[in-house]
Amino acid sequence: LKDPARIVRMNGKTGREEKILTIGSAGDESLSVAGHFICWAEQVNHPRWQNSGYSNIRIHDLQNGTTRNLTHHGRCFAPSISHDGKYVAVIRIDPENRSELEIISIPDREIIKTYSFGNNLLGLTPRWFPDDKSIALITMNEKGKSLAVMNAATGKLHFYLPFGFTDISGPPAGYKNYILFNA
């Protein structure tokens with residue numbers, strides 16, 4: 001507890017670090033930056049029940065210095081801010097333990113779209129393509145992991161790799177007509 005988690009800005013020329021804000025417990029792949037926003041998933045433990053908790057998707061505005069919740073008492077992770085800075089795509093686990101992708105409007109914190117992955121598919125680490133029309137993500141089921149792209153308007157998934165136990169990790173990235181990922 002001596003050195004709490006924080007988001008730091010480093011000057012690329014001088015190497016000088018500046019603390020932007022202190023955050024709670026965040027997952028390894030929860031930081032997303034676009035436009036003038038920083039977004040992350042912050043874990044919150046239940047004050048009484050050790051094995052119970054939730055996560056909030058939090059967003060910080062670098063222009064005005066405000067920080068707020070986009071979600072409240074959810075089970076959300078892996079936020080990704082669209083390149084135009086209008087939306088955040090997050091993975092949510094619903095009360096029946098099904099995985100879904102939600103698209104949340106940043107200005108009004110409203111859920112614009114929810115796409116369920118069904119009973120046997122888990123969505124992981126979404127990332128917007130530069131055109132903000134598609135979202136690349138890693139998916140997982142009992143046959144392993146696959147790489148998919150979702151149409152943000154329709155929710156249609158296209159799988160680019162067969163499911164398997166090859167290690168695919170980290171958020172994938174869309175670049176022109178390519179999907180970049182760590183394997």
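Before reading on, note that the structure itself is shown above.
All of the points below concern the structure found in this document.

1. Details of the sheet that holds strand β15 (residues 157-159)
What the four strands build is an open sheet, ordered β12-β13-β14-β15; its pairing is antiparallel. The sheet is open, and its two borders are formed by β12 (122-128) and β15, each paired with just one other strand. Within this sheet the neighbouring strands show an average axis-to-axis angle of 30 degrees, counted without direction. Relative to strand β13 (residues 134-141), β12 runs antiparallel, the two sharing five bridges. Paired with Leu122 across the two strands is Met140, which belongs to β13.

2. Some thoughts on the state of the cysteines
Under the defined criterion, the tally for this structure stands at zero disulfides. Its sulfur unpaired, Cys76 is 10 Å from the next cysteine sulfur, which belongs to Cys39.

3. Considerations on the pattern of salt bridges
Applying the stated criterion across every chain, the model contains six salt bridges. Close ionic contact of Glu42 with Arg58 constitutes a salt bridge, the shortest N to O distance being 3.9 Å. Highlighted residues: Glu42 in strand β5 (residues 37-45) and Arg58 in strand β6 (residues 53-61), separated in sequence by 16 residues. Looking at Glu42, the relative accessible area reads 13%, which means it is buried. Residue classification places Arg58 among the partly exposed positions, given a relative accessible area of 21%. When the shortest N-O distance is used, the salt bridge between Arg98 and Asp94 registers 3.1 Å. Here the residues in one salt-bridge network are Asp94, Glu96 and Arg98, joined through shared partners.

4. Considering a nonpolar patch on the surface
On the surface, Tyr175, Tyr178 and Leu180 cluster together to form a nonpolar patch covering roughly 340 Å² of accessible area. By the element assignment, Tyr175 lies in strand β16 (residues 169-175). We classify Tyr175 as partly exposed; its relative accessible area is 43%.

5. A word on the packing of aromatic side chains
Under the criterion given, the structure shown has one aromatic pair. Their ring planes at 50 degrees and their centres at 5.4 Å tell us that Phe159 and Phe163 sit as a pair that is tilted. Of the residues examined, Phe159 reaches a relative accessible area of 34% and is grouped as partly exposed.

6. Some remarks on the sheet that holds strand β8 (residues 76-81)
Here we have four strands laid out as an open sheet, ordered β8-β9-β10-β11, and antiparallel in their pairing. The open sheet has two edge strands with one neighbour each: β8 and β11 (111-116). On average, each strand axis in the sheet is tilted by 20 degrees relative to the strand beside it, whichever way the strands run. When strand β9 (residues 87-93) meets strand β10 (residues 99-105), the two strands line up antiparallel, connected through seven bridges. Counterpart to Ala89 in the pairing with β10 is Ile103.

7. With respect to unusual backbone geometry
Not every positive phi belongs to a glycine, and Asp132 is a case in point at roughly 60 degrees. A relative accessible area of 16% means that Asp132 is categorised as buried. Its identity as a non-glycine residue notwithstanding, Lys176 has a phi of 50 degrees, on the positive side. Within the secondary structure layout, Lys176 lies in the loop between β16 and β17 (178-182).

8. Concerning the pairing of β11
In this sheet, β11 lies alongside β10 in antiparallel orientation, the contact comprising five bridges. By the bridge assignment for β11, Ile103 is matched with Lys113. From the end of β10 to the start of β11, which pair antiparallel, there are five residues, and Arg109 there has a positive phi angle of about 60 degrees.

The rules behind each value
- Residues numbered from 1 in each chain as written.
- Predicted model: local features only at pLDDT ≥ 70, side-chain atom pairs only at ≥ 80, totals over all residues.
- Heavy atoms only, no water.
- Pairing = 2+ DSSP bridges.
- Helix = DSSP H or I, 4+ residues; strand = E, 2+ residues; numbered from the N terminus.
- Axes fitted to C-alpha atoms, helices over the stretch in contact; angles between N-to-C directions.
- Disulfide = S-S within 2.5 Å.
- Salt bridge = Lys/Arg side-chain N within 4 Å of Asp/Glu carboxyl O.
- Buried < 20%, exposed > 50% of the residue type's maximum accessible area, 1.4 Å probe, protein only.
- Patch = residues over 30% accessible without salt bridge, like charges linked within 9 Å, V, L, I, M, F, W, Y side chains within 5 Å.
- Areas by Shrake-Rupley, 256 points an atom, 1.4 Å probe, with all protein chains shown as cover.
- Phe/Tyr/Trp six-rings, centres within 6.5 Å; stacked < 30°, edge-to-face > 60°.

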